[in-house]
Every structure is written in C-alpha cells, then in structure tokens.
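If you want the building blocks of each chain, they are given just below.
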Amino acid sequence: MQNKATSHPKPKRRRLLMAAAALGAGALTTLNALAQSKTVLRISSPAVPDDWHAKMWTVFKDSLDKSAPGEFDVQINLNATLFKQGAESAAMARGNLELATLSAFDIAKFVPEFSVFTAGYMVRDPAQQQKIFQGPIGAEMFKAVAEKMDVTPLATAYLGTRQLNLREVRSVKTPADLKGVKLRMPGSKEWLFLGEALGATATPLAFGEVYLGLKTGTIDGQDNPLPSVRAAKFYEVTKQIVLTSHLVDSLFITISNKALAALTPTQRQKVMAAAQAAAQYNNDNRIKEESQLLEFFRKEGLQVSTPDLDAFHKVVQLRYQNSDYAKAWPPGLVERINAVR
Ligand code: KDO
C-alpha cells in the first residue's frame, strides 16, 4: 500500500511540481551551457600561496573576469598540486595545461641558447631584465620558444634575485668557502651547474621538499630570492643569508599554443593584457619587498652577510664561459645583453 506522501499529488499541486521541475531542469541546462561555453584556463605553479608569483594569478583571473565577463574559467592550482615542478611545459605541449610560469632553466632544455639566462651574473637587475625581454633579444628568443616548445611567453615576471640561505652560520667570502656545502637546487642539470659554479655541492630537490630538508639537515642550504625565503618560511629553519645576488631570476608567464589558437583575436589581446597586469603586480610588489626584507630576517634572528662579490662574479662567469652551455650562445649575444641599459 502506498503511503499518503508518495501517492499522486492533487492536480494543482502536480502542475506546480511539474513547473518547478521544468524550471529547475531549464536553469540547470542554462548553467551547464554557460559552463561549457566558458574557455577553461588551467594554471599550475609550484609557488606557495603567499608568494607574489602565486598571488599574481588572481590578478590575471580578476583582469579577465573584468575585461571578458563570463568568457573564461580560470583555474589556479598552486603548491605543485596539478603538475610537479618542472613538468609544466610538457603538460602544456600535450594539451593538459593551458598556462604556467616557466623558468629560463625549463626553457634552456629545449632552446639551448636560452641557457644564457641561466648563467650567474649575466643579467644585472630587474630593470635590465624587463628591457631585455621586451626588446629585440626577447622577441628572437620567444620566437624560438614558440617554435620549439609549442608554447608562447606572454609576459616576464621578476622572480627576484637569488641569494644563498644556509642552515648553519658559515664564513662565506669566496666560492671556495662553499666547498662541501650541500646546496639544494631545483632538479635539472642546468640548475645543478649553477650550484656547482657557486662552489657548492649541488643536490636536486623539489621546492616543496626544501623546508623539511633544511629542518632535518639532509641539505645545508638552498638558494632563492628573499621574498620566497619569507613566503615559504625557510627563515624558520635556517640561520644565515649570504647576499651573493648570483641570479636575477625570471619567470615567463606562458600559454600553450593550442590554447592560444583557440582564442578569438579579441580574447587573445585580453589574455595578453591580463598576463602583463599580473607580471606588473608581481614585479612591483617583489621589488618593493626585496628592499625591505633584510630587516625582517635580522629580527627573526638570521645573520645577513655580504661576500666578496668580485670573487663570486669572476669564478662563476668563468665557469659559464668555459662550459658547453656557452657554445650554444650565438656570437655577440652576451655583448648585446650587456649593452641593454
Ligand atoms: C626553486 O625551486 O628554487 C624555484 O625558485 C625555481 C623557480 O624556477 C620556480 O619554479 C620557483 O621555485 C617556484 O615557483 C616556487 O617559488
């Protein structure tokens, strides 16, 4: 026997129920259609949420939500939760990822001449960095990236100037003083070469594992720009910052060519403008923070020291000049970079 609640409703109530169901289904269909018509832009980054190059993706998303309301579904994945650090360019080439930030090291694997930007003491400061990549050198390099990697750089973000950050206090004046120091570097031979050029014993580790490595002592130190040392809280598990300033580091906001080709010309312009706004936000905040952070680290009890920078320049530059990397640099490229002011 049917109970009352599940027996057929009275005609008026039934009509109402049917109308509500129809409305519900209709609204759902509209929502589905809207969701489907949105262009999904998946982003993957190893950055921690509190770092500027993580926050810049919100600027990117907000910019697109404003300039192209309802057209894009921007999905931001931080902490390497979507793809592991270094796997982004392959994911983009396979069509599994639309946007990421690539380092010069990621690019140099496929575009050998790009290794010039992995060399210590090559780029002088963030202003020169922006001019290089916004000028003819950048245009030539980005063309090669698009051809060889099937991705297109949209803007250059300044990751900061890399400094050494040690677990125990040590007197570091020249690269020789880093002999035997187990220095964590990101996991590629281009990064390891930089660590070795600095005089240390370079050891590969993903960014997400550095905090624990420093805490437990499986590594003696790491190198990163000061804002990342703050954002990833490395200062909690280290005692010294050595201001080697060995790399004015860049991150390129890059889109897969497949995703780019799927956009209308107007959408392309909007995505480009959003990437540039994001980079600008990152650059302004990072430069400002870099100038203020030493005080913060000192208050946290870290010792801050400055080495013999001439000695570091000489040793590191010589290592690169004599390396196989330099053989891939077109004649005159270093001079052209130096001439950018
Ligand atoms: C790092 O692993 O040390 C590094 O700074 C390398 C950069 O290229 C970049 O991947 C960065 O980590 C991450 O975005 C985390 O800040």
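Because the structure is a prediction, the values reported are computed rather than measured. Starting afresh in each chain, residues are numbered from 1 along the sequence in its written order. Selection of residues for local features in this predicted model requires a pLDDT of at least 70, selection of side-chain atom pairs for listing and counting requires 80 or more, and totals for whole chains, interfaces and linings are taken over all residues. The side-chain numbers reported here are obtained from all heavy atoms of the structure, hydrogens and water having been left aside.

Things to note about the site of the ligand
Taken together, 13 residues sit near the ligand, with His53, Gln85, Arg162, Arg184 and Asn224 positioned nearest. Contact distances for the ligand include 2.8 Å between an oxygen atom and a side-chain N or O atom of arginine 162. Here a polar contact is taken to be a pair of N or O atoms separated by no more than 3.5 Å, where protein atoms must pair a possible hydrogen donor with a possible acceptor and residues adjacent in sequence count only if both atoms sit in side chains. For the ligand, an oxygen atom lies 2.7 Å from a polar atom in the side chain of asparagine 224. Accessible surface area values rest on a Shrake-Rupley calculation with a 1.4 Å probe, where residue burial reflects the displayed protein chains alone. Coverage of the ligand by the protein chains reaches 96% of its 380 Å² of free accessible surface. Being near a molecule or strand, for a residue, comes down to having at least one heavy atom within 4 Å of it.

Comments concerning the pairing of strand E5 (residues 182-185)
The pairing criterion for strands is at least two bridges between them, as found by DSSP. Secondary structure follows DSSP: runs of H or I at least 4 residues long count as helices, runs of E at least 2 residues long count as strands, and numbering of each begins at the N terminus. The pairing of E5 with strand E6 (residues 201-204) spans four bridges and is parallel. Each bridged residue has a counterpart across the sheet, and for arginine 184 the counterpart in E6 is threonine 203. Crossover connection from E5 via helix H7 (residues 189-197) to parallel E6: handedness right-handed. Relative to strand E7 (residues 221-225), E5 runs parallel, the two being bridged by two bridges. Bridging across to E7, leucine 183 finds its partner in glycine 221. Here a crossover is taken to be right-handed if, once the strands point away from the viewer, the path from the first strand over the helix to the second is traced clockwise.

Looking at the packing of aromatic side chains
Pairing of aromatic rings covers Phe, Tyr and Trp, the last counted by its six-membered ring, and requires centre-to-centre distances within 6.5 Å; plane angles under 30 degrees mean stacked, over 60 mean edge-to-face, and any other angle means tilted. Throughout the structure, instances matching the rule amount to 16 aromatic pairs. Both rings, one in phenylalanine 105 and one in tryptophan 191, keep their centres 3.5 Å apart while their planes meet at 5°; by these two values the pair is stacked. Placement of the pair is phenylalanine 105 in helix H4 (residues 104-108) and tryptophan 191 in helix H7, with a sequence separation of 86 residues. Taking the relative accessible area as the measure of exposure, phenylalanine 105 reaches 1% and is therefore buried. A simple rule labels every residue: compare its accessible area, found with a 1.4 Å probe on the protein chains alone, to the largest value its type can have, and call it buried under 20%, exposed over 50%, or partly exposed in between. On the basis of relative accessible area, tryptophan 191 is assigned to the buried category, the value being 7%.

Observations concerning the nonpolar core
Generally speaking, soluble globular proteins have nonpolar side chains that are buried together. Put simply, a nonpolar core is a bunch of buried Ala, Val, Leu, Ile, Met, Phe, Trp, Tyr and Cys residues held in one set by side-chain atoms that sit within 4.5 Å of each other. With 54 residues, the main nonpolar core has Phe114 and Phe117 as its most contacted residues. At six residues, the largest contribution of residues to this core is made by helix H6 (residues 136-149). Aside from chain neighbours lying at most four places away, what touches phenylalanine 117 is Ala104, Val123, Ile132, Phe133, Ile137, Met141, Leu247 and Ile337. Formed by 28 residues, the second largest nonpolar core is a distinct cluster that contains Trp57, Phe72, Leu99 and Ala278. Note on contacts: a residue pair is in contact if any heavy atoms of the two residues lie within 4.5 Å.

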